[in-house]
Amino acid sequence: GAQPKRAEPQADAVTDGDWEEKVLKSDLPVLVDFWAPWCGPCRMIAPLVDELAEEYKGKLKAVKLNTDESPAVATEYGIRSIPTVMIFKNGKKMDTVIGAVPKQTLAQTIDKYIDE
């Protein structure tokens, strides 16, 4: 069988193990895409997250967390349905967007938290 496609380099994969390091201790605001391989709508939002990672380079970090592989973080933040996108800043959860939303919606959410 084909290997599951790994996330493109734009959006870094994050796990239970490096969550604190990559997300909570980040100097930049972080967009976290909670996804799982079996989730259809997650496939729709993944490329948007990659595009946003490119567009906001230097202002925002984008990471993806596979909730099957890293259930601890998903449980801690009460992820009920995926895809869920969360924005973290200075180690705190600032915002949550649930579902496969348009890129514009994600961009508007990000814009609230990045320092111009």
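Described below are features of the structure shown in this document. (Residues numbered from 1 in each chain as written. Predicted model: local features only at pLDDT ≥ 70, side-chain atom pairs only at ≥ 80, totals over all residues. Heavy atoms only, no water.)

### Let's talk about the side chain of T84
This is how it is decided: Secondary structure counts use DSSP, requiring at least four H or I residues in a row for a helix and at least two E residues in a row for a strand, with both numbered from the N terminus. Buried means the residue's accessible area, taken with a 1.4 Å probe over protein chains only, is under 20% of the maximum for its type, while exposed means over 50%, and partly exposed covers the values in between. Whether two residues touch is decided by their heavy atoms; if any such pair falls within 4.5 Å, the residues are in contact.
Along the chain, T84 falls in strand 4 (residues 84–89). Here T84 falls in the buried class, since its relative accessible area comes to 2%. If sequence neighbours within four positions are ignored, T84 has contacts with V32, D33, F34, I79, T96, V97 and I98.

### Regarding the state of the cysteines
Basically, it comes down to this: Pairs of cysteine sulfur atoms within 2.5 Å are what we label disulfides.
As enumerated under the stated definition, the model contains one disulfide in all. The disulfide bridge from C39 ends at C42, spanning 2.2 Å between sulfur atoms. Because the sign of the S-S torsion sets the handedness, a value of about 85 degrees for the bond joining C39 and C42 places this disulfide among the right-handed ones. Under the relative-accessibility criterion, C39 is labelled buried at 4%. With a relative accessible area of 3%, C42 lands in the buried category.

### Structural notes on the sheet that holds strand 1 (residues 12–14)
Short version of the rule: Strands are labelled as partners when DSSP assigns at least two bridges between them. All axes here are fitted lines through C-alpha atoms, helices being fitted over the stretch that makes contact, and every angle between N-to-C directions spans 0 to 180 degrees.
The strand order 1-3-2-4-5 describes an open sheet built from five strands, whose pairing is mixed. Of all the strands in the sheet, just strand 1 and strand 5 (92–98) have a single pairing partner and so form its edges. Taken over all neighbouring pairs, the strand axes of this sheet differ in orientation by 30 degrees on average, direction set aside. Of the pairings in the sheet, the one linking strand 2 (residues 30–35) to strand 3 (residues 61–66) comprises six bridges and is parallel in character. Counterpart to D33 in the pairing with strand 3 is K64.

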